[in-house]
Amino acid sequence: EKSWATFGTAATTLLVIARQGGPGDPAATHPRLLALRVPADAGGVQVDGQPATGLVPELPHARLVLADVSLPAAARLAGDGFSDYGKPFRTLEDLYVGAAVLAWLLREARARDWPAPLRERLAATLALLADLSDAPPDAAATHVVLAGALAWARDLHAEVQPLWAATPDEPASQRWQRDAKLLDVAGTARAARAARAWQSLG
């Protein structure tokens with residue numbers, strides 16, 4: 001079971017990280033995680049839509065229940081479910097969500113003729129995140145640079161706050177005021193990853 005799956009009701013394919021083996025199975029002593037491609041309409045898959053949240057209510061989410069789901073061998077993705085899929089996920093999510101927010105802010109900044117120095121810093125931070133998208137997500141250096149880029153992004157988020165507040169009745173301003181807190185989610189985990197990266201670099 002998984003209580004929170006973003007876009008769960010819209011997905012046609014689910015990527016599931018599963019533990020290999022169960023009670024009494026020799027593999028249970030040293031379990032291995034597998035990554036599996038699961039059709040959302042496969043037998044035994046239950047997708048229950050959940051009420052909209054206060055932040056970004058446009059994004060649907062669901063509770064998933066998988067019971068006695070049978071899959072062909074080809075459903076298993078190559079590699080290790082943890083190191084190749086589960087572990088890099090949060091890093092890639094931080095990178096792409098951060099870049100998407102900055103790209104949207106840059107578009108709005110240009111349309112609203114916000115100060116040129118602000119637009120330049122938005123573009124520069126976005127360019128750094130774009131370069132990081134080609135870096136190995138499991139490398140310590142990637143985590144360190146990503147932490148710095150996201151710190152710049154947070155400074156930019158704070159800098160645009162009064163600009164949004166100057167147009168409180170505009171739909172875009174209202175969306176920003178409503179959803180900006182989402183950008184702080186998982187901040188503790190990000191800080192921990194950066195600390196571990198610095199330790200590994202010595």
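Everything discussed here concerns the structure shown above.
Residues numbered from 1 in each chain as written. Predicted model: local features only at pLDDT ≥ 70, side-chain atom pairs only at ≥ 80, totals over all residues. Heavy atoms only, no water.

### Some details on the overall build of the protein
Of the regular secondary structure elements, the protein holds 5 helices and 5 strands. In the protein, the succession of α and β elements from N to C terminus is β-β-β-β-β-α-α-α-α-α. Considered along the principal axes of its C-alpha atoms, the protein spans approximately 65 × 45 × 25 Å. At a minimum sequence separation of 6, the contacts of the protein that also span at least 24 residues come to 64%. Total accessible area on the protein stands at roughly 12200 Å², and carbon and sulfur atoms take up 59% of it. Taken together, the 20 basic and 22 acidic charged side chains of the protein have centroids lying 2 Å from each other. (Helix = DSSP H or I, 4+ residues; strand = E, 2+ residues; numbered from the N terminus. Contact = heavy atoms within 4.5 Å. Areas by Shrake-Rupley, 256 points an atom, 1.4 Å probe, with all protein chains shown as cover. Lys, Arg positive; Asp, Glu negative; His and termini not counted. Charge placed at Lys NZ, Arg CZ, Asp CG, Glu CD.)

### Overview of helix H3 (residues 140–165)
Over its 26 residues, H3 runs 38 Å from end to end, which matches the ideal 38 Å to within 8%, given 1.5 Å per residue. For H3, the principal kink sits at Glu 159 and spans about 25 degrees; a proline, Pro 162, occurs within the next four residues. Here H3 has its buried residues at Ala 140, Thr 142, His 143, Val 144, Leu 146, Ala 149, Leu 150, Ala 153, Leu 156, His 157, Val 160 and Trp 164. In the core, the buried residues of H3 are packed alongside helix H1 (81–111), helix H2 (116–132), helix H4 (171–179) and helix H5 (187–201). (Expected span 1.5 Å × (residues − 1). Bend = angle between axes of the 7 residues up to and from the residue. Buried < 20%, exposed > 50% of the residue type's maximum accessible area, 1.4 Å probe, protein only.)

### Let's talk about the pattern of salt bridges
Summed over the entire model, instances satisfying the criterion amount to 13 salt bridges. When the shortest N-O distance is used, the salt bridge between Asp 80 and Arg 32 registers 3.7 Å. In this pair, Asp 80 is assigned in the loop between strand S5 (61–66) and H1 and Arg 32 in the loop between strand S2 (13–19) and strand S3 (33–39), connecting sequence segments 48 residues apart. The exposure class of Asp 80 is partly exposed, given its relative accessible area of 21%. (Salt bridge = Lys/Arg side-chain N within 4 Å of Asp/Glu carboxyl O.)

### Comments concerning the sheet that holds strand S4 (residues 45–49)
Pairing between the strands of a sheet comes from backbone hydrogen bonds, and it takes one of two forms, parallel or antiparallel. With antiparallel pairing, the 3 strands of this open sheet are ordered in space as S1-S5-S4. Across the chains shown, the open sheet's two edge strands, defined by having one partner strand only, are strand S1 (2–6) and S4. Direction aside, neighbouring strands of the sheet carry axes that sit 35 degrees apart on average. Taken together, the 3 bridges between S1 and S5 define a ladder with antiparallel strand orientation. Residue pairing across strands places Lys 2 opposite Leu 64, the latter belonging to S5. (Pairing = 2+ DSSP bridges. Axes fitted to C-alpha atoms, helices over the stretch in contact; angles between N-to-C directions.)

### Looking at the environment of Trp 152
Tracing the backbone through its elements, the reader meets Trp 152 in helix H3. Each C-alpha atom of the pair Trp 152 and Trp 198 lies 18 Å from the other, and the pair is 46 residues apart in sequence. Once you skip the residues sitting within four places of it in the chain, Trp 152 turns out to touch Thr 125 and Leu 128.

### A few points about the nonpolar core
Counting residues in hydrophobic clusters, the biggest one holds 21 residues, and the most contacted among them are Leu 105, Leu 122, Leu 129, Val 160 and Trp 164. Elements that contribute at least two residues to this core include exactly H1, H2, H3 and H4. Beyond its immediate stretch of four places on either side in the chain, Leu 122 contacts Leu 102, Leu 105, Leu 106, Ala 109 and Leu 156. Residues Leu 36, Ala 40, Ala 42 and Leu 64 belong to the second largest nonpolar core, which totals 9 residues. (Core = buried A, V, L, I, M, F, W, Y, C linked by side-chain atoms within 4.5 Å.)

### Considering unusual backbone geometry
The backbone phi angle of Val 56 is positive, close to 45 degrees, even though this residue is not glycine. Note that Val 56 resides in the loop between S4 and S5. The class of Val 56 is buried, set by a relative accessible area of 16%. Phi at Asp 113 takes a positive value of approximately 55 degrees, unusual for a residue other than glycine. By secondary structure assignment, the location of Asp 113 is in the loop between H1 and H2. Looking at Asp 113, the relative accessible area reads 59%, which means it is exposed.

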